[in-house]
Amino acid sequence: MAVFTPVTPDDAAALARRLDLGTLTELRGIQSGIENTNYFLTTDRGEYVLTLFERLTFEQLPFYLHLMKHLAQRGIPVPEPKGDASGEILHALYGKPTAVVDKLRGQHQLAPDQRHCEQVGAMLARMHLAGRDYPRHQPNLRGLAWWTETVPVVLPYLEPAQAELIQDELAFQQALAASPAYAQLPRGPIHADLFRDNVMFEGDTLTGFFDFYFAGVDTWLFDIAVCLNDWCVDLATGRLDEQRAQAFCNAYDRVREITHDECRLLPALMRAGALRFWISRLWDYHLPRDAQMLKAHDPAHFERILRERRAQPWHYLRG
Ligand SMILES: Nc1ncnc2c1ncn2[C@@H]1O[C@H](COP(=O)(O)OP(=O)(O)OP(=O)(O)O)[C@@H](O)[C@H]1O
Ligand SMILES: N[C@@H](CCO)C(=O)O
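Because the structure is a prediction, the values reported are computed rather than measured. (Residues numbered from 1 in each chain as written. Chains lettered and ligands numbered in written order. Predicted model: local features only at pLDDT ≥ 70, side-chain atom pairs only at ≥ 80, totals over all residues. Heavy atoms only, no water.)

**Concerning the side chain of Asn-229**
- Topologically, Asn-229 is positioned in helix α7 (residues 220–231).
- A relative accessible area of 1% places Asn-229 in the buried class.
- With residues near it in sequence (within four places) discarded, Asn-229 still touches Met-270, Gly-273, Ala-274, Phe-302, Ile-305 and Arg-309. (Helix = DSSP H or I, 4+ residues; strand = E, 2+ residues; numbered from the N terminus. Buried < 20%, exposed > 50% of the residue type's maximum accessible area, 1.4 Å probe, protein only. Contact = heavy atoms within 4.5 Å.)

**Some words on the site of ligand 1**
- In the neighbourhood of ligand 1, 21 residues make up the surrounding shell, with Ile-34, Glu-35, Asn-36, Leu-104 and Asp-211 lying closest.
- Between ligand 1 and Asn-38, the relevant distance is 3.2 Å, taken from an oxygen atom to a side-chain nitrogen or oxygen of the residue.
- Side-chain polar atom of Asp-211 to an oxygen atom of ligand 1: 2.8 Å apart, as the coordinates give it.
- Contact with the protein chains hides 91% of the accessible area of ligand 1, taken as 600 Å² for the molecule alone.
- Sorting the residues of the shell around ligand 1 by element identifies β2 (37–43) and β5 (96–102) as the ones contributing at least two each.
- Of the residues in the shell around ligand 1, the class split is 10 nonpolar, six polar and five charged.
- Residues lining the shell around ligand 1 come from more than one domain, with at least three contributed by each of domain 1 (9–102) and domain 2 (114–311). (Near = heavy atom within 4 Å. Polar contact = N/O pair within 3.5 Å; in protein donor to acceptor, adjacent residues only side chain to side chain. Areas by Shrake-Rupley, 256 points an atom, 1.4 Å probe, with all protein chains shown as cover. Nonpolar A, V, L, I, M, F, W, Y, C, P; charged D, E, K, R; others polar. Domains from an automatic or database assignment.)

**As for the pairing of β2**
- Burial analysis of β2 places six of its seven residues in the buried class, which makes it a mostly covered element.
- Pairing between strand β1 (residues 24–29) and β2: five bridges, direction antiparallel. The residue bridging Gly-29 from the neighbouring strand is Tyr-39, located in β2.
- Both β2 and strand β3 (residues 47–52) contribute to a ladder of six bridges, which runs antiparallel. (Pairing = 2+ DSSP bridges.)

**Quick notes on the sheet that holds β5**
- Reading across from one edge, β1-β2-β3-β5-β4 is the order of the five strands in this open sheet, with antiparallel pairing throughout. Since the sheet does not close on itself, it has two edges, and those belong to β1 and β4 (91–93), each with one partner. Neighbour to neighbour, the strand axes of the sheet diverge by 35 degrees on average, direction disregarded.
- This element, helix α1 (residues 9–18), spans β1, β2, β3, β4 and β5 of the sheet and lies at about 125 degrees to β1. (Axes fitted to C-alpha atoms, helices over the stretch in contact; angles between N-to-C directions.)

**Details of the pattern of salt bridges**
- Going through the model one piece at a time under the given rule, you end up with 21 salt bridges.
- The shortest N-O distance in the salt bridge between Arg-271 and Glu-169 comes to 2.8 Å. One end of the pair, Arg-271, is in helix α9 (residues 260–286); the other, Glu-169, is in helix α5 (residues 160–177), and 102 residues separate them in sequence. Summarising the burial analysis for this pair, Arg-271 and Glu-169 share the class buried.
- Here Glu-303 and Arg-307 are joined by a salt bridge, their closest N and O atoms 2.9 Å apart. One end of the pair, Glu-303, and the other, Arg-307, are both in helix α10 (residues 299–311), four residues apart, so they sit about a helical turn from each other. (Salt bridge = Lys/Arg side-chain N within 4 Å of Asp/Glu carboxyl O.)

**Quick notes on the site of ligand 2**
- Taken together, the residues surrounding ligand 2 are Asp-193, Phe-195, Phe-214, Phe-277, Arg-281 and His-297.
- A distance of 2.5 Å separates an oxygen atom of ligand 2 from a polar atom in the side chain of Asp-193.
- The class makeup of the residues in the shell around ligand 2 is three nonpolar, one polar and two charged.

**What to know about α1**
- Turning to α1, its buried residues are Ala-12, Ala-13, Leu-15 and Ala-16. Buried residues of α1, seen end-on, are gathered within an arc of 160 degrees and therefore sit on one face of the element. Looking at α1, the residues exposed on the side facing more than 90 degrees away from the buried face are Asp-10 and Arg-17.
- Residues of α1 that are buried make contact with β1, β2, β3, β4 and β5.
- A positive phi of about 60 degrees marks Asp-20, the residue just after α1. (Arc of directions from axis to C-beta.)

Here you go:
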């Protein structure tokens, strides 16, 4: 269970009062998630999610929380952070940065079909456009610099063939990032972790995106690639479901045109997306933090996806 820091009902109730959310009626630890301590916090006025951030700092968090507020105010369905009387949306419990946000309605769609992929694609494009005038800047903290720093840390845990693959891919991505074509890609605030478990649906209708705590300014194409690698793959093999991928990209493209250069670089960015999560999963798996219980995601899944993307690059043909 992802409760790294237990919260007492008294402390949660005091925070709810301070944020003018009413009287606490229930506080329940959330079993999933591996990054932060999360609770469902219910009051006599509504349902919220209380998050204590275990890795992110007081300096980094305003970027994410204000981004969520910015997007919510522009009609993108994301949880809005709750402020105190002075409007402050970043709080503290037990010395840890803390936020309380709206609980989204609905459930995850863990077996998405074309219709779900279309809705995620269209909403992702709307989110990218809504983020264009967001004034704060923070790089994607799980971007190339972090991969470069973390590959040597996980390398001792890999078999020789895996070590060769990860180093070869890192070198490829470093060269790509230094290329003029890459520098021209449109960019802005991206979610950067928009997996099936970070989107809610009520029935078959998308009700929101959440978990913005890996967001950062990066290429919009990286966000598309991360989504394709999760929403449009067969989870058993890592193989791309081309119909779903085409549906996702068409829906995105109808809201914000995917440029010719983006189409050209998409296969390389899908490799980048696979590498990013292979590295982070290796890191979480081999270098776990203390937790009351911690269920690390399977790193081999993204190794398979990376091998698939290298062997069979997929090209988006607009249409
Ligand atoms: N705003 C929200 N509305 C509804 N449910 C939420 C919300 N935030 C979190 N949840 C629920 O809590 C679970 C865990 O949250 P989350 O996925 O953000 O965990 P995490 O540890 O912060 O991040 P990670 O996904 O990186 O492991 C989600 O799967 C979801 O069920
Ligand atoms: N989405 C990530 C977990 C961190 O949010 C993964 O599946 O590895």
